[in-house]
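Results of the structural survey
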Amino acid sequence: MQTDMNPSANGLATKATFFESRYANSPNEVKGMTTEQLRQSFLITTLFQADQIRWTLSFFDRYMTGGVMPVAGPVSLDCPENLKAQYFLERRELGIINVGGAGQVIADGESFELGYKEALYIGQLTKEVTFVSADDTAPAKFYLNSTPATHRYPTRKVSRQDAEVVELGSTATANHRTINKLIVNSVLPTCQLQMGMTELKTGSVWNTMPAHVHDRRMEVYFYFEVPEGQAVCHFMGEPQETRHVWMQNEQAVISPNWSIHSGSGTSNYTFIWGMAGENLDYGDMDFCAITDLR
């Protein structure tokens, strides 16, 4: 289901808000899917278009994945009609990570400057959110994740220095990587949204390996800093029934709670992970032995 909304008449530069929803799929359905059916169900191909907010709502935990790239001027956060809310964050919380040029987010009159790879958490009941680029020739690209929320927590910026940083893997197994935990409960309080960023070292291509599942949470992966001419192969499915989706730069993929989520690129790259579900325990994972994957 896809809709294009007209902007509110408030003088802002928003041209339209794109919204689509994706139904939840069971493991039995996925086993029989063609390549194109997998891509239509789980791959989000376009997140950034000038002066447009683009949303994809997954029926897995009603997780919303989006992007906004202000070019001609400020862009306001409109509320898609499908949410049946008075404003977007009436019953939701929002996580933002800037993957473009310098920008600014204004939340109920409070301004936050966001540089490259800096994050912002915006709490429930925030009524007005505006996105601005510092330079329209190098626009900000605000990557957005949103989940249902039942409590208001304070809006807060998270810089790279504020993140909880963990090094994992090794060059010997081609998975040496830095995990930056940005919007997680060890850094700031949220209802259920968690977001972070994993950067692979030069020469390393595997992420989230050994793979794992967690029945209590679903995830969305957003791949970026994929060099031109290169690609990432994202692996999903049950551990003994894996499938793959080839992805390009600045694309995202929905990962159900019953599915592994791992990937390997033809070069090193960076990805943002976002989670929602039963708990906020980052370490709640059911690991799959590499030799058991099929």
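Residues numbered from 1 in each chain as written. Predicted model: local features only at pLDDT ≥ 70, side-chain atom pairs only at ≥ 80, totals over all residues. Heavy atoms only, no water.

With an unreviewed UniProt entry as reference, the protein chain is termed 4-deoxy-L-threo-5-hexosulose-uronate ketol-isomerase, source organism Fibrivirga algicola. What UniProt records for the protein chain under Sequence similarities (unreviewed entry) is the sentence "Belongs to the KduI family." Checking UniProt for the protein chain, the heading Catalytic activity (unreviewed entry) contains the comment "5-dehydro-4-deoxy-D-glucuronate = 3-deoxy-D-glycero-2,5-hexodiulosonate". (UniProt positions renumbered as here; feature names shortened; annotations may be inferred.)

**Quick word on empty space enclosed by the protein**
One pass over the full model with this rule turns up 1 cavity of 30 Å³ or more. Here the largest cavity defines a volume of roughly 30 Å³. Around the largest cavity sit Pro-27, Val-30, Lys-31, Gly-237, Glu-238, Glu-241, Arg-243 and Trp-258, which together line it. Secondary-structure elements contributing two or more residues to the lining of the largest cavity are α1 (27-31), β20 (232-238) and β21 (241-247). If you tally residues by element for the lining of the largest cavity, the top one is α1, at 3 residues. Across the lining of the largest cavity, the residue classes break down as 3 nonpolar, 1 polar and 4 charged. (1 Å grid on protein atoms, 1.4 Å probe; cavity = no way out; pocket = protein on both sides within 12 Å on 5 of 7 lines; lining within 4 Å. Points joined across faces, edges and corners; volume = space filled by probe spheres on them. Helix = DSSP H or I, 4+ residues; strand = E, 2+ residues; numbered from the N terminus. Nonpolar A, V, L, I, M, F, W, Y, C, P; charged D, E, K, R; others polar.)

**Considerations on the packing of aromatic side chains**
If you walk through the whole model with that rule in mind, you get 12 aromatic pairs. Centroid distance Phe-48 to Phe-222: 6.2 Å. Interplanar angle 80°. Geometry classified as edge-to-face. With Phe-48 in the loop between β3 (43-44) and β4 (52-58) and Phe-222 in strand β19 (residues 217-224), this residue pair connects regions lying 174 residues apart in the sequence. For Phe-222, a relative accessible area of 0% translates into the label buried. A ring pair is formed by Trp-206 and Phe-235, whose centres lie 5.7 Å apart and whose planes are at 20°; its orientation type is stacked. You can see Trp-206 sitting in strand β17 (residues 206-207) and its partner Phe-235 sitting in strand β20, a full 29 residues away along the chain. (Phe/Tyr/Trp six-rings, centres within 6.5 Å; stacked < 30°, edge-to-face > 60°. Buried < 20%, exposed > 50% of the residue type's maximum accessible area, 1.4 Å probe, protein only.)

**Digging into the UniProt feature "binding site: Zn(2+)" (unreviewed entry) in the protein chain**
As recorded in UniProt, the feature "binding site: Zn(2+)" (unreviewed entry) lies at His-212, His-214, Glu-219 and His-261. Spanning 50 residues, the named residues nonetheless gather at one spot, since no C-alpha pair among them exceeds 11.8 Å. Considering only the residues just annotated, the largest pocket is lined by His-212, His-214 and Glu-219. By the secondary structure assignment, His-214 is in the loop between β18 (212-213) and β19. Taking the relative accessible area as the measure of exposure, His-214 reaches 1% and is therefore buried. Residues within four places of His-214 in sequence aside, it is in contact with Glu-219, Asn-257, His-261, Met-275, Asp-284, Met-285 and Asp-286. Mapped onto the fold, His-261 is located in the loop between β22 (251-255) and β23 (262-265). (Contact = heavy atoms within 4.5 Å.)

**Focus: the sheet that holds β23**
The strand order across the open sheet formed by 4 strands is β17-β23-β20-β21, and the pairing between neighbours is antiparallel. One side of each edge strand has no neighbouring strand; the edge strands of this open sheet are β17 and β21. As paired strands, β20 and β21 are joined by 7 bridges and run antiparallel to one another. Its bridge partner lying in β21, Gly-237 is registered against Thr-242. (Pairing = 2+ DSSP bridges.)

**What about the pattern of salt bridges?**
Counted under the stated rule, the structure contains 12 salt bridges. Residue Lys-201 pairs with Glu-167 through a salt bridge whose shortest N-O separation is 3.5 Å. Here the residue Lys-201 occupies a position in the loop between β16 (194-200) and β17, and Glu-167 occupies one in strand β14 (residues 164-168), the gap between them amounting to 34 residues. The class for Lys-201 is partly exposed, based on a relative accessible area of 30%. The salt bridge involving Arg-243 is made with Glu-241; its shortest N-O contact spans 3.2 Å. Overlapping salt bridges, with partners in common, bring together Lys-117, Arg-160, Glu-199 and Glu-225 in one network. (Salt bridge = Lys/Arg side-chain N within 4 Å of Asp/Glu carboxyl O.)

**A word on the confidence of the model for the protein chain**
When pLDDT is averaged along the protein chain, the result is 94; 95% of the residues meet or exceed 70. In this model residues 5-12 is a low-confidence stretch, pLDDT under 50, and it forms 15 contacts with partners more than four residues away in sequence or in other chains. (pLDDT = per-residue confidence, 0-100.)

**Focus: the environment of Gly-95**
Positionally, Gly-95 belongs in strand β7 (residues 92-98). According to the relative accessible area criterion, Gly-95 is buried, its value standing at 0%. C-alpha of Gly-95 to C-alpha of Thr-155: the two residues are 60 residues apart in sequence and 9.7 Å apart in space. Setting aside residues up to four positions removed in sequence, Gly-95 forms contacts with Leu-120, Tyr-143, Leu-144, Asn-145, Ile-183, Leu-193 and Met-195.

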